Amino acid sequence: MRHANSLQRAIRQNLWTQQWRMIESMTLTPYPHPLGADRRRGVFRAGERVQITDVKGRKYTTMLTNNGYFQSTRGSFRHSELIGREEGTVIDTHDGYRLLALRPLVGDYVLSMPRGATVIYPKDAGQIIHQADIFPGARVFEAGVGSGALSLSLLAAVGMDGQLISVERRPEFAEIARANVESWYGAQMPPWEVVVGDAADVLSELAPGSIDVVVLDMLAPWENIDPAAHALRSGGVILAYVATTTQMSRFVETLRSSSMYTEPEANETMLRTWHLDGLAVRPDHRMVAHTGFLVVARKIASDSQPLVPKRRPAPAAHSEALDWEREWESADFGERTISAKKLRKVRRDVAHRADVETTGDDAPGLHSEEIAQQLDAEAHERVANRLNRVASRLTEQE
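Quick look at the structure, then. (Residues numbered from 1 in each chain as written. Predicted model: local features only at pLDDT ≥ 70, side-chain atom pairs only at ≥ 80, totals over all residues. Heavy atoms only, no water.)

A word on the overall build of the protein chain. Scanning the protein chain for helices and strands turns up 10 helices and 15 strands. Of all 398 residues assigned to the protein chain, the portion counted as buried reaches 43%. Taking contacts inside the protein chain between residues at least 6 apart in sequence as the whole, the part at least 24 apart equals 67%. Summed over its atoms, the accessible surface of the protein chain is roughly 22200 Å², and 52% of this surface lies on carbon and sulfur atoms. (Helix = DSSP H or I, 4+ residues; strand = E, 2+ residues; numbered from the N terminus. Buried < 20%, exposed > 50% of the residue type's maximum accessible area, 1.4 Å probe, protein only. Contact = heavy atoms within 4.5 Å. Areas by Shrake-Rupley, 256 points an atom, 1.4 Å probe, with all protein chains shown as cover.)

What follows concerns the layout of surface pockets. By volume, the second largest pocket amounts to about 560 Å³. Forming the boundary of the second largest pocket are Lys59, Gly107, Asp108, Leu111, Tyr121, Pro122, Lys123, Leu271, Thr273, Arg286, Met287 and Val288. In terms of residues, the lining of the second largest pocket owes the most to one element, helix H2 (residues 106-112), which gives 3 residues. Considered class by class, the residues forming the lining of the second largest pocket number 6 nonpolar, 2 polar and 4 charged. (1 Å grid on protein atoms, 1.4 Å probe; cavity = no way out; pocket = protein on both sides within 12 Å on 5 of 7 lines; lining within 4 Å. Points joined across faces, edges and corners; volume = space filled by probe spheres on them. Nonpolar A, V, L, I, M, F, W, Y, C, P; charged D, E, K, R; others polar.)

We now examine the packing of helix H9 (residues 340-359) against helix H10 (residues 366-397). Orientation of H9 relative to H10, taken along the N-to-C sense of each, is 160°, at an axis distance of 7 Å. One finds that H9 runs roughly antiparallel with respect to H10. Contacts from Arg344, Arg347, Arg348, Ala351, His352, Ala354, Asp355 and Thr358 of H9 reach H10 at Leu366, His367, Ser368, Ile371, Gln374, Leu375, Glu378 and Arg382. Looking at the contact of H9 with H10 residue by residue, the class counts come to 5 nonpolar, 5 polar and 6 charged. (Axes fitted to C-alpha atoms, helices over the stretch in contact; angles between N-to-C directions. Parallel < 35°, antiparallel > 145°, perpendicular 65-115°, else oblique.)

Note: strand E13 (residues 274-277) against strand E14 (residues 280-283), 4 bridges, orientation antiparallel. Paired with Asp277 across the bridge in E14 is Ala280. With antiparallel pairing between neighbouring strands as the criterion, E13 and E14 make up a hairpin whose turn holds 2 residues, including Gly278 at a positive phi of roughly 60°. (Pairing = 2+ DSSP bridges.)

Next up on the list: a nonpolar patch on the surface. A cluster of nonpolar residues, Trp274, Leu276 and Val281, forms a patch on the protein surface that exposes about 340 Å² of accessible area. Relative to the helices and strands, Leu276 is located in strand E13. Leu276 sits in the exposed class, given a relative accessible area of 67%. (Patch = residues over 30% accessible without salt bridge, like charges linked within 9 Å, V, L, I, M, F, W, Y side chains within 5 Å. Salt bridge = Lys/Arg side-chain N within 4 Å of Asp/Glu carboxyl O.)

Counted according to the given criterion, the structure contains 17 salt bridges. A salt bridge links Glu357 to Arg49, with the nearest nitrogen and oxygen atoms 3.1 Å apart. Of this pair, Glu357 sits in helix H9 while Arg49 sits in strand E1 (residues 49-53); the two residues are 308 residues apart in sequence, bridging distant segments of the chain. By the burial criterion, Glu357 is buried, and Arg49 matches it. Across the pair Glu378 and Arg347 runs a salt bridge, and its minimum N-O distance is 2.9 Å. Placement of the pair is Glu378 in helix H10 and Arg347 in helix H9, with a sequence separation of 31 residues. Among the ionic contacts, a cluster of salt bridges with common partners joins Arg45, Glu48, Glu87 and Arg103.

This is how it looks when you write it as C-alpha cells:
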C-alpha cells in the first residue's frame, strides 16, 4: 500500500510539473511600462488599466488601448483622449457627462480582476497582514493561492528582501493567479514561488524552522497543522482563513490537541461605510459583513508545553464527542465548484489582458495564441480520454 501511494504521488507530481512548465512559459515579456513604483506614476499610457468613475459613484475598470473606446450610460470617450494625460483627469464627454479617471488602488483591482476562485476581500487581507505580523523580509508560506488576491498583499508586505511560497492544487487557478499578480506588479516583483501540488507535501520538504508565517486559505486547514509546525520557526505565526464556524471549531480544537501552538484566537471583520452629506451623516444601508473568520496562533518551542487557560467551561461545550472522524466533503461547507467553461474563459481573459499590456492594442497577440493552442490541446486530450473510457466500457461488456 505504501509503495502504491508513493507511486501515485510521483505520478501526480510529474503531471503537476508538466502543467506548471506550460504556465511558467506564459510571462509578460517584453514589458513596455516603467518598473517598480514608477509604473504607478506619470501620465496614462496605452496598455495599462484605468478606473473610470461617473457622477453616481459607479466605477468601471478598463484597459487603455490606442484605438479603444469607453462606453457607458453615463458617458463615452475614446481612449486616445485620455492617453498622455495626468492621473486624476476629469473628462467632459461629447454627450454632456463628466467622468473621473484614476489608476485603480489594489483594493479596486482585487475586486475587478479576472478570477477563478473567490478572492479574499481587502478588509480581510489587511487584517491578515497585521495579525500575522508579516514584516519586510519575512518568509511566508501561503496554501491556497486562488486568484492571487491575497498574494498581492503578501508580496507587498514581504518586499524585495522577503519570500513568498504559494501552493495551489489546481493548475488552472495557479495560472490565473500568476497572471493577475504579474499584471499588477509588472516585470519587477518581490520573490515569489508558485508550486502546483499539495501543501502538506511542500511544507514537509522545507527546512525545519525556515518559515516565519504560514497562511492557510483552504477547505481543511487542520490537515496541515503538523507539516506547518515542521516548517515554522519557534514563535512563528499560523493563520487560517475559514468561512464557517464548523471549520473554525475543528481547526481550533486540532491546534489545541497538537500541543505545538499557543492558545488560538479567532475574529472576523465587518466593514460599514457611511453616507456623508452635510448634516445628514448616517451609516450606509449596505455593508460588507461576514466573509470569513481568521484564526491565529503561534508555534511554541519544541521542548515546551502550551499554557492551558484557566476559565470556567461553557455549559455543554464538550458534553458530546466532536464529529471529526468522518470524511468531510466540500458540500459540508457549502463550497461552490467552478465550471470548466468559466475557467477557460478566465484564462483567455488574462491572456488577452497580457497582450494589451504588452502592445497597447486590443488585437489578440502572442499570449492569446499560446492559450488558444493550450486549450485546444486540452480539448483534444479530453476527447481522447472520453473515447478511451467508452472503448474500455465496450470491451468490458463483450
